[in-house]
Number of protein chains: 2
Amino acid sequence: MSKIEPRTLSGFMELLPAPQLKMEKMTETLRRCYSLYGFTPLDTPIIEASEVLLAKGGGETEKQIYRFSKGDSDLALRFDLTVPLAKYVAQNYGKLSFPFRRYQIGKVYRGERAQRGRFREFYQADIDVIGDGKLDIINEAEIPAIIYRCFTELGLKRFKIKVNNRKLLNGFFSLAGMSEKAQDIMHAIDKKDKIGANEVRRILMDELHMFSHKADDVMDFMAISGNVEEVMCGLERYKGMDETFDLGFEELKSVVKYLGDFGVPEENFAVDLSIARGLDYYTGTVYETEMCDHPEIGSVCSGGRYDDLAGYYTDKKLPGVGISIGLTRLFYVLNEQGLLSEETVSSPADVLVIPMTDDPGPSIAAATALRSAGIRTQIYCEQKKFKAKLGYADKLSIPYAVLIGEDEINENVVALKDMRSGTQQKLSIEDASELIKRDMEQRSKAPVIKEDK
Amino acid sequence: MSKIEPRTLSGFMELLPAPQLKMEKMTETLRRCYSLYGFTPLDTPIIEASEVLLAKGGGETEKQIYRFSKGDSDLALRFDLTVPLAKYVAQNYGKLSFPFRRYQIGKVYRGERAQRGRFREFYQADIDVIGDGKLDIINEAEIPAIIYRCFTELGLKRFKIKVNNRKLLNGFFSLAGMSEKAQDIMHAIDKKDKIGANEVRRILMDELHMFSHKADDVMDFMAISGNVEEVMCGLERYKGMDETFDLGFEELKSVVKYLGDFGVPEENFAVDLSIARGLDYYTGTVYETEMCDHPEIGSVCSGGRYDDLAGYYTDKKLPGVGISIGLTRLFYVLNEQGLLSEETVSSPADVLVIPMTDDPGPSIAAATALRSAGIRTQIYCEQKKFKAKLGYADKLSIPYAVLIGEDEINENVVALKDMRSGTQQKLSIEDASELIKRDMEQRSKAPVIKEDK
């Protein structure tokens, strides 16, 4: 029979078992963290009507979307989790209680040009809080506090959540009479780290036709930096001249205060006036998150406050605040950088039970006891040499083997072999079970990311 | 602005938060059970090259598959998790250790005619054990033992795993000289419960042109029923005449014995000679699982032993045994039948912290302490009347509220309100936390399915 070549499409992540277990651990950590903050899990279809997904329309999205027909239906694959959320909330408005807090961890699809580290199918891990008409500012501080907890529990230490406020920016630009150019200016500012301040100033003047003193105003404003106190202090002198600016300033002040109340240490957050999050969508606090040792990979977690989640579907004003972790890309980067801990349990089982007698009955009984204690247990029943059986455990990094032969059966014990040290001891099944369980509990506490190599 | 109607495609399940949490609990239970047996999680893409997915080809699949082009690529959405597994194992053969035990819980797509209870996007929850050339018979007993554990932990009691063996069937048909008609005969037998034995006999004779005595042979064989011992006994008299039959008989005997060793009680399994699992694919033990009170919904979990997982992709002989739970359909049926327990925690949080002072600081501190204890906590910060805040907790079935006002702050306590009983008491945050934690741990033990309404 002629064979079809088994292959996976480029831009689609498919992991071997050991890294997959690390990915699962990351996902599980996020799920647990999000739940701890009272977010409810949502699961929306991957396929939606194209009309629904493309309600907003727009260039890049339309080009990248996977769109196709089935029968008479014009269908598309979701390209983010925000549009399905907007649809869901508009559709179920009367059945939900607000604020509505949901998390969703799911695959989204974008037919981008395939290149290293870019994925066409990838996980996003989103949280959003949706209000009905209004939403308290405290939510804008809680969101980065949750991200702080997520990253900390994942084992990441050297990251910075960078916060800004769109009202502050809009107020400043309006004050300087540059509102129409705001988008272009922010776009130029965005390149500062790459091309330097002088070159940005040149762009502002030559390409955006700004007067020299206006360009200086922008450069001065954007030069406000330092720790949170210093930035807030630097902003003080713009106060009292523009209502929107003042509102943004007060919001930022509250967010900064509450972030402290939530226990986020200052080393993990900063006020960064250069963050705007391109989209027109955001109206208040905006976030980006940088891995301090890898600024080159850009923001690994972004979001912000918006005023109108579902305007394409409903007249109801649904303000919200949310953030999204690009999980597949984050995993890819961590893996590439060697930051995934080798201590993470990546074996399919905690113990391999090897029957040494013809009748596997006693081994099955032992396996049942181990499983009842919550220990992941595999019975190895294939007809192989003893050495091959232990080799199997070794190859899969299964940390323990339990051997059950005539002697053990007669003595009502098992032989417990620690595969790492090679030591072997006879124990009752209860004691073996207790020992393995304690060790695995200990090992499962190791965070999945380890920064100090 | 003209609005787009927010809608979900028919045949796509999208749940409200409370039922979604029950669905999550089912998924989590399966994940935990599968892991306990040493299966490693796999996550393959939802999109594959059409050529890869349709390697086997064949009528129904081709008709139902979601297939489309993107650029030059001919793509399709997976319609099951077995074909992607075959691809994965063939592709990564050299990097895997055998037996390779994997589970996968994921969405699959079939563009069936939409009708009540039929889904176009649905979850399958699969386990498979793949051998390299050979695979011990004990795996064929362990698979239903795992399903027994899954269903038991889900809270289902009245189910029956029905087991048969294809070699036994093939042997019998060969013995009776009816091998070519075997498929058609089994198809007729399949209808016995619906149309009665006489009508089946008529079909065998009139439509399949069998002699009367041959039809009687078939009817006699298929009439073998009763408990496991009785069926095995009834099969004895066919022994010694056909090699394949004898092999199947021995396999079935082993499976039945080991099922006992694995602790599956006889009330939850049966040998049922009428099960064949249509496909040519299976070569040994086959399974179907029936909910005793709802035989009309058919098998909720099926599978079996096969000899050649990945023949379309590789020359390597990869025998295996696996089973699949149609999770979305199972959930739908349980929900329709009112079998989902009301005791399952379906609130987004365990406790709602309500600040009664202007400064939310102390409430944030309390929430942080509760979250550190693993309690799912929401802070309610919206500007609403007190009654509306409690009403929010009530509507979402959040079982506890923690109220923090001036008095509580001064006394260094919190007011803990049990939302179900309405009672309220002042406690230290540690004691409140302990009390909530104990209660939630207790409640989370309630299985998601409750059969006695």
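Now for a look at the structure at hand. This is a predicted model, so every value here is computed, not measured. (Residues numbered from 1 in each chain as written. Chains lettered and ligands numbered in written order. Predicted model: local features only at pLDDT ≥ 70, side-chain atom pairs only at ≥ 80, totals over all residues. Heavy atoms only, no water.)

Description of the interface of chain B and chain A
Residue-level contacts link 100 residues of chain B with 100 residues of chain A. Buried area between chain B and chain A, summed over both chains or domains, comes out near 8,500 Å², and the portion from carbon and sulfur atoms is 58%. When the area that chain B buries against chain A is broken down by residue, the three leading residues are Ile-4, Asp-43 and Arg-371 of chain B, summing to 8%. Taken together, the connections running from chain B to chain A amount to 12 salt bridges. At the junction of chain B and chain A, the tally comes to 46 residue pairs in polar contact (both at pLDDT 80 or more). Here the side of chain B that touches chain A gets seven residues from one element, more than from any other, and that element is helix α1 (residues 17-36) of chain B. Tallied by class, residues from the side of chain B that touches chain A come to 50 nonpolar, 22 polar and 28 charged. (Contact = heavy atoms within 4.5 Å. Buried area = accessible area lost by both parts, 1.4 Å probe. Salt bridge = Lys/Arg side-chain N within 4 Å of Asp/Glu carboxyl O. Polar contact = N/O pair within 3.5 Å; in protein donor to acceptor, adjacent residues only side chain to side chain. Helix = DSSP H or I, 4+ residues; strand = E, 2+ residues; numbered from the N terminus. Nonpolar A, V, L, I, M, F, W, Y, C, P; charged D, E, K, R; others polar.)

Some details on the relation of the copies chain B and chain A
Superposition record for chain B on chain A: RMSD 0.1 Å, screw rotation 180 degrees, translation along axis 0.0 Å. The relationship between the two copies is best expressed as a two-fold rotation axis. Rotation axis and chain B: the residue whose C-alpha lies nearest the axis is Phe-68 of chain B, separated from it by 3.0 Å. When the interface residues of chain B are mapped onto chain A, 100% of them are again interface residues, pointing to one common binding face. (Least-squares fit on C-alpha atoms with pLDDT ≥ 70 in both.)

Re helix α17 (residues 429-444) of chain B
Residue and element names in this part refer to chain B. The terminal C-alpha atoms of α17 lie 22 Å apart, and with 16 residues this matches the ideal 22 Å at 1.5 Å per residue to within 8%. Looking at α17, one finds that the buried residues are Ile-429, Ala-432, Ser-433, Ile-436 and Met-440. Across the axial projection of α17, the buried residues extend over an arc of 95 degrees, all falling on one side. What points out from α17, more than 90 degrees from its buried face, is the exposed set Glu-430, Arg-438 and Gln-442. Along its buried surface, α17 packs onto β12 (351-355), α14 (361-372), β14 (400-404), β15 (414-418) and β16 (424-427). (Expected span 1.5 Å × (residues − 1). Buried < 20%, exposed > 50% of the residue type's maximum accessible area, 1.4 Å probe, protein only. Arc of directions from axis to C-beta.)

Here we look at the pairing of strand β14 (residues 400-404) of chain A
All names here are of chain A. In terms of burial, β14 is largely enclosed, as five of its five residues are buried. In this structure, strand β12 (residues 351-355) lies alongside β14, joined through five bridges in parallel fashion. Along β14, the bridge assignment pairs Pro-355 with Ile-404. (Pairing = 2+ DSSP bridges.)

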